[in-house]
Amino acid sequence: MANCDNPWKKNAWGKKEDVVEEPVVSFIDVMSEEYIEDMGAQEKLEEERYMKQLEQMFGDTSTSDDQFSLNTEGMTDEEVAMALQRHFDREQDVARAVASSSGVVHFAPDRYLPKTLQETDSEEEDDDALRQAATDLLYAKLDAENASETRLRPEGTSASRTKHDTGVSGRRNADKTFNDRNTLPTGDMVGDKLNNKVFNKLMAFSKSESKRQMRQNDKEEKATTDTSVDNDTRLLLYKWINQGVFDSVDGIIATGKESAVLHAAQHSATSYAIKVYKTTLSEFKNRSEYVKDDFRFKNPRGVLKIWAEREFMNLTRMAKHGLPCPQPIKVRRNVLVMSFVGADGLAAPRLKNVEWEFFTDEERRAVFEQVQTIMCRMYKECLLVHADLSEFNLLLTPDNKVHVIDVSQAMDLSHPRSLQFLTRDIQNVIAFFTRLGVQNLPTHVQLFNLITDLEMVEDHDLLVQVEQFSEENRSADLRHDKSRPADMELKKYSEEKKANREPSPAREYN
Ligand SMILES: Nc1ncnc2c1ncn2[C@@H]1O[C@H](COP(=O)(O)OP(=O)(O)OP(=O)(O)O)[C@@H](O)[C@H]1O
């Protein structure tokens with residue numbers, strides 16, 4: 001219990017009693033020169049003592065690094081390995097001894113590894129090394145060029161270079177152009193120079209080009225191109241699939257000037273044709289012969305939607321009167337679904353593509369008569385003129401039945417120029433069947449009179465007579481819309497759409 005007498009005296013701070021305490025030196029002593037000299041002498045003594053100790057252990061330890069190097073000539077691999085191991089052990093012992101006396105370890109086994117092993121044999125790192133070597137070479141070349149330029153610089157105060165120096169700015173321009181600022185792909189052009197004018201032009205072009213590309217991407221998202229449909233249309237098709245209108249859309253039937261026509265099927269039994277109107281304005285410009293005069297269509301994109309609806313309305317009118325045409329199924333925005341004209345998933349060919357050599361004269365004549373009947377019925381029963389009728393818009397099914405398609409531009413008889421369009425349709429049809437060699441075709445005037453029940457005469461040009469007739473017989477109402485035929489057409493279209501609209505389910509609650 002000796003410690004109990006005064007526990008604080010011997011081990012007040014938990015220190016071990018056998019720890020050798022550093023001698024307490026006063027600050028004045030530390031600052032004194034004498035003390036510093038003493039310390040220096042003491043360190044020297046300690047060093048000498050330590051060297052002696054090493055000599056006793058290993059002999060002469062003043063061995064330089066060079067002495068460690070091996071002469072491996074004539075040695076087998078095993079001998080080299082053993083020699084290396086010996087050197088390694090020896091240096092490790094020395095290092096340990098030094099460490100035990102000084103507390104510092106200098107241990108570097110890397111230097112004993114054969115050179116080839118230090119380098120990795122992985123291909124990646126080889127590549128890195130190669131790349132590095134190539135880059136070094138390139139920059140060495142550039143440095144050399146720069147150096148030669150430097151040598152050429154005039155001496156004296158005028159030799160100082162500013163950022164306005166053509167060489168400096170040229171190089172900086174090139175660096176900006178080819179490395180960071182530029183969004184255009186330029187390739188690797190390190191070290192070239194660009195003068196300010198070219199640089200500014202390039203930057204301006206790069207800016208406008210990136211803007212243009214952004215616009216282009218946006219357009220592509222929205223546009224219906226030749227072989228694909230835009231995202232909105234795709235969504236609409238998915239919606240119709242979900243609603244069970246059809247269960248698959250499996251390919252393109254044809255791509256026309258103004259649309260892409262896709263094939264859809266329901267339970268692999270019923271086929272549909274989906275006509276997706278192109279939404280690019282260039283196509284639109286081509287198609288519209290009379291809407292172009294209509295100043296209300298400030299935004300032509302809005303008009304594009306009308307074509308699908310117009311075709312749907314005209315098909316509805318024609319189908320109602322039993323004309324041979326696709327049955328309209330659905331319409332939304334620029335997409336129209338109609339029945340498919342063809343057999344076994346194969347679209348019926350257009351009259352233009354029919355292999356007529358396999359048709360007899362009578363059969364050809366029968367085809368003409370069907371076309372003639374279609375024209376008459378369209379006019380008399382549906383009060384429509386096709387306005388783009390030709391061998392391209394008449395399909396022939398395997399049972400030799402003619403179907404009329406592409407009626408988006410078909411117009412109501414009240415259109416002030418409907419008779420002129422009818423005249424053009426007649427010319428197209430007669431020209432085609434004349435080429436086919438069909439005998440005893442009616443003249444233009446005869447067919448015109450047959451369709452319209454008007455009495456045009458043979459010895460005058462049909463179109464001149466039609467112009468005159470339209471002028472004389474324009475009603476007071478039509479005269480009002482004289483300069484804007486599309487106004488009238490649209491009015492008619494809107495009336496018809498209103499009449500066909502199903503009663504709103506909300507009506508009874510209002
Ligand atoms: N209901 C349909 N059934 C089968 N094929 C169809 C149908 N509708 C259109 N097609 C095919 O798609 C093609 C293009 O259709 P349509 O003529 O209506 O489009 P378009 O863009 O007006 O073409 P174009 O400018 O060449 O007249 C037609 O020639 C026809 O081969």
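Values in this document were obtained by computation on a predicted structure and should not be read as measured data. Position numbers for residues count from 1 along each chain, tracking the sequence in the order it is written. Only residues with pLDDT of 70 or above have their local features reported here, since the model is predicted, and side-chain atom pairs are shown and tallied only from 80 upward, although totals for entire chains, interfaces and linings are computed over all residues. Here the side-chain values reflect all heavy atoms present in the structure, with hydrogen atoms and water set aside.

Before going further, it helps to examine the overall build of the protein chain. Scanning the protein chain from N- to C-terminus turns up 19 helices and 11 strands. For the protein chain, with 510 residues in total, the buried portion stands at 34%. Contacts: residue pairs with any heavy atoms within 4.5 Å of one another. When contacts within the protein chain are restricted to residue pairs at least 6 apart in sequence, long-range pairs at least 24 apart make up 56% of them. Carbon and sulfur atoms form 52% of the exposed surface of the protein chain, whose accessible area is close to 34100 Å². Per the convention used, a helix needs a DSSP run of H or I reaching at least four residues, while a strand needs a run of E reaching at least two, with both numbered from the N terminus. A 1.4 Å probe rolled over the protein chains alone gives each residue an accessible area, and that area as a share of the maximum for its type sets the label: buried under 20%, exposed over 50%, partly exposed in between. Methods summary: accessible areas were calculated by the Shrake-Rupley approach with a probe of 1.4 Å, and residue burial reflects only the protein chains presented.

Within the structure, the ligand sits among 19 residues, and Ser259, Lys275, Ser339, Val341 and Asp406 are positioned closest to it. At 2.6 Å from an oxygen atom of the ligand is found a side-chain nitrogen or oxygen belonging to Lys275. Between the ligand and Val341 there is a distance of 2.8 Å, counted from a nitrogen atom to a backbone nitrogen or oxygen. Expressed as a share of its isolated accessible area of 600 Å², the protein-covered part of the ligand is 94%. Listed by contribution, the elements that provide at least two residues to the shell around the ligand are strand S1 (248-255), strand S2 (259-266), strand S3 (270-277) and strand S5 (335-339). Note that Gly is not counted as nonpolar here; it falls among the polar residues with everything else outside the nonpolar set of Ala, Val, Leu, Ile, Met, Phe, Trp, Tyr, Cys and Pro and the charged set of Asp, Glu, Lys and Arg. Here the shell around the ligand is built from residues that sort into 10 nonpolar, 4 polar and 5 charged. Any residue with a heavy atom lying within 4 Å of a molecule or strand is counted as near it. Between N or O atoms, a polar contact is any pair within 3.5 Å; within protein, one atom must be a potential hydrogen donor and the other a potential acceptor, and residues adjacent in sequence are included only when both atoms are from side chains.

Turning our attention to the sheet that holds S3. Here, a strand pair is defined by DSSP locating no fewer than two bridges between the strands. Taken together, 5 strands build an open sheet; the order of strands is S1-S2-S3-S5-S4 and the sheet is antiparallel. Only two strands of the sheet have a single partner each, and these edge strands are S1 and strand S4 (328-332). Mean inter-strand twist for the sheet, computed between neighbouring axes without regard to direction, equals 25 degrees. Relative to S3, S2 is paired through 8 bridges, and the arrangement is antiparallel. Bridge pairing in S3 places Gln266 opposite Thr270. Axis lines are fitted to C-alpha atoms, over the contacting stretch for helices. Their N-to-C directions set the angle, which ranges from 0 to 180 degrees. Across the sheet, helix H11 (residues 231-243) lies against S1, S2, S3, S4 and S5, angled at about 135 degrees from S4, the strand it touches most.

Only the six-membered ring of Trp is used, alongside the rings of Phe and Tyr, when aromatic pairs are assigned; centres must lie within 6.5 Å, and planes under 30 degrees apart are stacked while those over 60 apart are edge-to-face, with the rest tilted. Tallied over the full model, the rule gives 6 aromatic pairs. Aromatic pair Phe368 and Phe433: ring centres 5.2 Å apart, planes at 70 degrees, arrangement edge-to-face. Of this pair, Phe368 sits in helix H14 (residues 361-380) while Phe433 sits in helix H15 (residues 418-436), and the two are 65 residues apart along the sequence. On the basis of relative accessible area, Phe368 is assigned to the buried category, the value being 0%. By relative accessible area, which is 1% here, Phe433 ends up buried.

Taken as a whole, helix H17 (residues 462-472) has its buried residues at Leu462, Gln465, Val466 and Ser470. Looking down the long axis of H17, one finds its buried residues gathered within 135 degrees of arc, a one-sided arrangement. Counted as exposed and oriented over 90 degrees from the buried face of H17: Val464, Glu471 and Glu472. Taken together, the buried residues of H17 touch H15 and helix H16 (444-452). The N-capping residue of H17, defined by a side-chain oxygen 3.0 Å from the backbone nitrogen of Leu463, is Asp461. Each direction from the helix axis to a C-beta atom contributes to the arc, which is the arc of those directions.

pLDDT measures the predictor's confidence residue by residue and takes values from 0 up to 100. Residues of the protein chain with pLDDT of at least 70 account for 61%, and the chain-wide mean is 75. When the elements of the protein chain are averaged for pLDDT, helix H7 (residues 115-118) gives the smallest value, 42, and strand S10 (residues 402-404) the largest, 98. In the model, residues 149-157 has pLDDT below 50 throughout and makes 6 contacts with residues more than four positions away in sequence or in other chains. This model gives residues 292-299 a pLDDT under 50, and the stretch forms 10 contacts once residues within four places in sequence are excluded.

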